[in-house]
Amino acid sequence: MTVAVASGKGGTGKTTVAVNLALSLEGPVELLDCDVEEPNAHLFLQPGWTSARTVSIPVPQVDERLCTACGACGEVCRFHAIVSLRTQPLVFPELCHGCGACLLACPVGAIREVPQEVGVVECGLRGEIRFVHGRLKVGTAMSGPLIRAVRREAGQGQITLIDAPPGTSCPVVAAVRGSDFVILVTEPTPFGLNDLKLAVEMCRILSLPCGVVINRSDIGDDAVRRYCASEAVPLLAEIPEDRRVAEAYSRGQAAVTVLPEFRALFRELYDRLHAAAAQRPVPAGRS
Amino acid sequence: MRELVVISGKGGTGKTSILASFAVLSGRTVLADCDVDAADLHLVLAPEVRRREVFRSGNEAVIRPELCDGCGKCAELCRFAAVSRTGDGGGRYRIDPTACEGCGVCVRHCPRGAIEFPERVCGEWFVSDTRCGPMVHARLHPAAENSGKLVATVRQEARRLAESEGFDQVLVDGPPGIGCPVISSVTGAAAVLAVSEPTVSGGHDLLRVLELCRHFGIPAAVCMNKWDLNPQMTERIEGQAASGGARVLGRIPYDRAVTAAQLEARTVVELGGPAAGAIRRIWKRFNHNEE
Amino acid sequence: MKIIVSADGQGLEAQVDPRFGRAAGFVLFDTQTREARNIDNRQSLNAAQGAGIQAAEAVSRLGAECLITGHCGPKAYRTLRAAGIKVYTGAAGTVGEAIAALEQGRLALAEAADVEGHW
């Protein structure tokens, strides 16, 4: 089963939930940290690293001896990554999406593709837990290709947990698409509710079943609970604010390692998730 | 006219709450909420929308089923796994709009010309009035692409407003992370304030976002929110930030008034308390250094 | 020769638009015929990324030899130079004043982009 942990709003506790779930569940588990811009899960899980590789996207390189300056490449590029004026084409690799349009358009086969680094994928092990994350090269515009590279590392036959980036836009979609269930972590405040609604909408657009975890559940008001009830979104867990948990987090320690009684909470969360996922038939048109 | 941007690297450190207080302390200013993926500033500034614009960006490929003959060329060429069979037994293909990158390759190479390529509506943006001054903000549709163009649009409109209505400052609420949208919100800014928290993740993410600022040559400052959660960590992160060339402007204590203000749809400085006092001091230093 | 100036309005009386890539429009001026033509830049304004590149392409197709503007970002600059266009940044005032300044040798050639890009 693949479970993604996401959140409209940043800082609500996605990584906390993902890491503590990984540490609390029985059986083979893997955790994929897809927040490639700001990966944090490794700080808490502290895996022993086993491998690393760079990830690249293919960007065009023009053979100036073959180029006739016809301009076809520049005409088809939707992203202004390759520009052909009266001269030989200019390539702006940072704008390239790796779609191959220019390659296909070149009538003389003057374009080949060369790798442009976007970041690294690193794999590791913490006890029985397999860990993978991506780190985006600073200054790189797009996270999608690196997130997809992390997702491709997923194994078979275990629980795959995905720690998604915050928000609801395309990097989050790349992180959560195709999963079996999405946990949305929020806090009981106006900002939390506002962003939760966007996240639920995203799950509906992607036809992914979702459930809510309210973190720091006693700091705000009731509005999130009422929203979940009225929208029939299952409430999977409420985690009260706990200074000990916050301090452990600040030190880079997972709650369940410092306070083992929290394991039960996360196991219950997963049981409720499982029940909710089992009840919902898989909607048609799932991507 | 200068733009001051508040970002965080890691989400949830309190940048929107702090920026909202800066807005009140400024007297009157133009505001730009560039956290378009999860915009929250409007929840405490009660904007009255005076103008709404549709935001279009890029295109999406759409297969006309009546023209599709199921040859599969689109699926063969698509590098983003956006094309699949409709699965209704008709042998035709469909494109998943949430996976479509808008590159146009399938559109160009469909032997039947069966694929349309309309412009994509990704969201909307607004120009509103608030008690602190005009605000430009946006709502990106969930699952939409966030290239930074909407952020650039919001900033451009905010700058235009500042120029035409005689403001000398634009305060920008930036997004989390280090990608396109953040780059779009900080380039050309007079200064950036990164709000961090004394946690391992907060410190880690702060360093990445400060690296981004150095990469683009933008002067950066840092403040530590909820500093008393871990005073040792606070000192450590401040030290790292300073070594990275950032000015360290101050510390804000953990204060329930921050959430209380949000629940009342007000800003922290309008409520008062220890955090409010700290925010005032930090604003003075952030503002002052630019004069 | 043809000079192009980024403009915030129409004609020689318009203000120089300090931006290039996302300028409202351009004024194309022919130094021989002394005629000015207004060019709209809406297409570039709508570009998700690479607005400067798109504007540079447009300017190149118009056969301009020189560009006068306020600021020019790195991608636009690279594209303009590849097209053989001379770039003059730091201009202000009206389009007419900027052209006069260029013709009188009072504008400095830009050796590089003078601002960061905006995506």
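For clarity, every value in this text was computed on a predicted model and none was experimentally measured.

A.B. asks: Please explain the overall build of chain A as it appears in this structure.
C.D. replies: Along its length, chain A carries eleven helices and eleven strands. Here the contacts in chain A between residues at least 6 apart in sequence split such that 73% fall between residues at least 24 apart.

A.B. asks: Would you mind going over the environment of B:His215 with me for this structure?
C.D. replies: Tracing the sequence through the fold places B:His215 in helix H7 (residues 200-215). The class of B:His215 is partly exposed, set by 13 C-beta atoms lying within 10 Å. C-alpha separation for the pair B:His215 and B:Pro118, spaced 97 residues apart in sequence, amounts to 36 Å. Excluding anything up to four places from it in sequence, B:His215 contacts A:Val138 and A:Gly139.

A.B. asks: Is there a simple way to explain the interface of chain B and chain A in this structure?
C.D. replies: Size of an interface, as often reported, equals the accessible area lost when the parts are brought together. Opposite the 50 residues of chain B that make contact, chain A presents 51 residues. Listing elements by their share of the side of chain B that touches chain A, those giving two or more residues are helix H4 (105-109), helix H6 (180-186), H7 and helix H9 (257-263) of chain B. Looking at the side of chain B that touches chain A, the element that brings in the most residues is H7(B), giving eight residues.

A.B. asks: Would you mind going over unusual backbone geometry with me for this structure?
C.D. replies: With the exception of glycine, the majority of residues adopt a negative phi angle, and the majority of peptide bonds are in the trans configuration. A positive phi angle, near 45°, is found at A:Gln46, a position not held by glycine. With respect to the element layout, A:Gln46 can be found in the loop between helix H2 (41-45) and strand E3 (48-62). On the neighbour-count criterion, A:Gln46 (14 C-beta atoms within 10 Å) is partly exposed. In this model, B:Ala143 sits at a positive phi of 70°, which is unusual for a non-glycine residue. Note on B:Ala143: 23 C-beta atoms within 10 Å, which makes it buried.

A.B. asks: Teacher, can you tell me more about the nonpolar core here?
C.D. replies: Considering soluble globular proteins, one finds that nonpolar side chains tend to be buried as a cluster. One finds A:Val176 and C:Val5 to be the most contacted residues of the largest nonpolar core, which totals 235 residues. Beyond its immediate sequence surroundings of up to four residues, C:Val5 is in contact with C:Val16, C:Phe26, C:Val27, C:Phe29, C:Ile68, C:Val95, C:Ala98 and C:Ile99.

A.B. asks: Help me understand the packing of helix H7 (residues 190-205) of chain A against helix H8 (residues 223-230) of chain A, please; the structure alone is not making it clear to me.
C.D. replies: A pair of packed helices can be characterised by two numbers: the angle between their axes and the separation between those axes. All names here are of chain A. Two numbers describe how H7 lies on H8: the axes approach to 9 Å, and their chain directions differ by 25°. Relative to H8, the element H7 lies roughly parallel. The segment H7 lies against H8, with Gly 192, Leu 193 and Leu 196 engaging Ala 223, Val 224 and Tyr 227. In the contact of H7 with H8, the residues fall into five nonpolar, one polar and no charged.

A.B. asks: Please clarify how the interface of chain A and chain C should be interpreted in this entry.
C.D. replies: With ten residues of chain A at the interface, the matching set in chain C holds 13 residues. Within the side of chain A that touches chain C, the residues separate by chemical class into seven nonpolar, two polar and one charged.

A.B. asks: Would you mind showing me how to read the confidence of the model for chain A here?
C.D. replies: Regions with low pLDDT carry predicted coordinates that are not meant to be interpreted in detail. The pLDDT averaged across chain A works out to 92; a share of 97% of its residues lies at or above 70. Summarising per-element confidence for chain A, the mean pLDDT is lowest in helix H9 (residues 243-251) of chain A (87) and highest in strand E2 (residues 29-33) of chain A (98).

A.B. asks: Hey, could you run me through the pairing of strand E1 (residues 2-7) of chain C in this one?
C.D. replies: Looking along a regular strand, one sees side chains alternate from face to face of the sheet. Residues and elements named next belong to chain C. Of all six residues that make up E1, five are buried, and the element is covered over most of its length. Inspection of the sheet shows E1 paired to strand E2 (residues 25-30) by six bridges, in the antiparallel sense. In the strand pairing of E2, Lys 2 is matched with Asp 30. Relative to strand E4 (residues 66-68), E1 runs parallel, the two being bridged by three bridges. Its bridge partner lying in E4, Val 5 is registered against Ile 68.

A.B. asks: It is not clear to me how the domain arrangement of chain A should be interpreted in this structure. Could you clarify?
C.D. replies: Once the domains are mapped, chain A shows domain 1 (2-55 + 119-279) and domain 2 (58-117). Between the C-alpha centres of domain 1 of chain A and domain 2 of chain A there is a distance of 39 Å.

Cut-offs and rules
Residues numbered from 1 in each chain as written. Chains lettered and ligands numbered in written order. Predicted model: local features only at pLDDT ≥ 70, side-chain atom pairs only at ≥ 80, totals over all residues. Helix = DSSP H or I, 4+ residues; strand = E, 2+ residues; numbered from the N terminus. Contact = placed C-beta atoms within 7 Å. Buried ≥ 20, exposed ≤ 12 C-beta atoms within 10 Å, placed from the backbone. Core = buried A, V, L, I, M, F, W, Y, C linked by C-beta atoms within 7 Å. Axes fitted to C-alpha atoms, helices over the stretch in contact; angles between N-to-C directions. Parallel < 35°, antiparallel > 145°, perpendicular 65-115°, else oblique. Nonpolar A, V, L, I, M, F, W, Y, C, P; charged D, E, K, R; others polar. pLDDT = per-residue confidence, 0-100. Pairing = 2+ DSSP bridges. Domains from an automatic or database assignment.

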